[in-house]
Amino acid sequence: QVQLVESGGGLVQAGGSLRLSCAVSGHTFSTFMAWFRQAPGKEREFVAAITWDGSATNYADSVKGRFTISRDNGQSQKTVYLQMNSLKPEDTAGYYCAAARRAATTTGAMDYWGKGTLVTVSS
């Protein structure tokens, strides 16, 4: 089992920045980590992903150049981050951390999910 707990969401003005964190605990084998988001009335969509060793990242076209995913495989706490810059009102959504045993960017391929953190970008 892998437990994921997101934090760092909030209200920010357009053009601002936020950094989301995902605390990873449990049986943290070589998991592939990802962030997804879901806006009201819309399906959950892929945002960014990173291999557990950080050797590769992947981004949705809508966030390329603005968002950066990273991870810290610390001894005491493993954490995955999503740095979000130049935020736009259309980035408003619940943001969810996810983990998978294999590299994937679809919701159905993820094995574990956090409960999410809300990001609201005002215009």
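It should be emphasised that the depicted structure is a prediction, and the values quoted were computed from it without experimental measurement.

Colleague: So what exactly am I meant to see when it comes to the environment of Ser-21 here?
Modeller: Relative to the helices and strands, Ser-21 is located in strand 3 (residues 18-26). In sequence terms Ser-21 and Ser-70 are 49 residues apart; their C-alpha atoms lie 9.7 Å from each other. If we skip the residues at most four places from it in the chain, Ser-21 touches Val-5, Glu-6, Ser-7, Trp-35, Thr-79, Val-80 and Tyr-81.

Colleague: Any chance you could explain the state of the cysteines here in plain terms?
Modeller: Disulfide: a covalent bond formed between the sulfur atoms of two cysteine residues. Scanning all chains against the criterion turns up one disulfide. Sulfur-sulfur distance for the disulfide between Cys-22 and Cys-97 comes to 2.1 Å. Residues Cys-22 and Cys-97 are joined by a disulfide whose S-S torsion is about -80 degrees; by sign, that bridge is left-handed. Of this pair, Cys-22 sits in strand 3 while Cys-97 is found in strand 9 (residues 93-100), placing the two residues 75 residues apart along the sequence. For the pair Cys-22 and Cys-97, a shared accessibility class is recorded, and that class is buried.

Colleague: Even after reading the chapter, I still don't get the sheet that holds strand 8 (residues 78-84), so can you show me in this structure?
Modeller: The pairing of strands in a sheet comes from backbone hydrogen bonds and takes either a parallel or an antiparallel form. Taken together, four strands build an open sheet; the order of strands is 1-3-8-7 and the sheet is antiparallel. What marks the edges here is a single partner per strand, and that holds for strand 1 (2-7) and strand 7 (67-73). For this sheet the average axis-to-axis angle between neighbouring strands, irrespective of direction, equals 20 degrees. One ladder, built from seven bridges, connects strand 7 with strand 8; its direction is antiparallel. Bridge assignment links Ser-70 to a residue of strand 8, and that residue is Tyr-81.

Colleague: Hey, could you run me through the pairing of strand 1 in this one?
Modeller: Regular strands have side chains that alternate between both faces of the sheet. Covered by surrounding structure in strand 1 are Val-2, Leu-4 and Glu-6 only, the residues Gln-3, Val-5 and Ser-7 on the alternate face being uncovered. Where strand 1 meets strand 3, six bridges bridge the pair, whose relative direction is antiparallel. Its bridge partner lying in strand 3, Ser-7 is registered against Ser-21.

Definitions and limits used
Residues numbered from 1 in each chain as written. Predicted model: local features only at pLDDT ≥ 70, side-chain atom pairs only at ≥ 80, totals over all residues. Heavy atoms only, no water. Helix = DSSP H or I, 4+ residues; strand = E, 2+ residues; numbered from the N terminus. Contact = heavy atoms within 4.5 Å. Disulfide = S-S within 2.5 Å. Buried < 20%, exposed > 50% of the residue type's maximum accessible area, 1.4 Å probe, protein only. Pairing = 2+ DSSP bridges. Axes fitted to C-alpha atoms, helices over the stretch in contact; angles between N-to-C directions.

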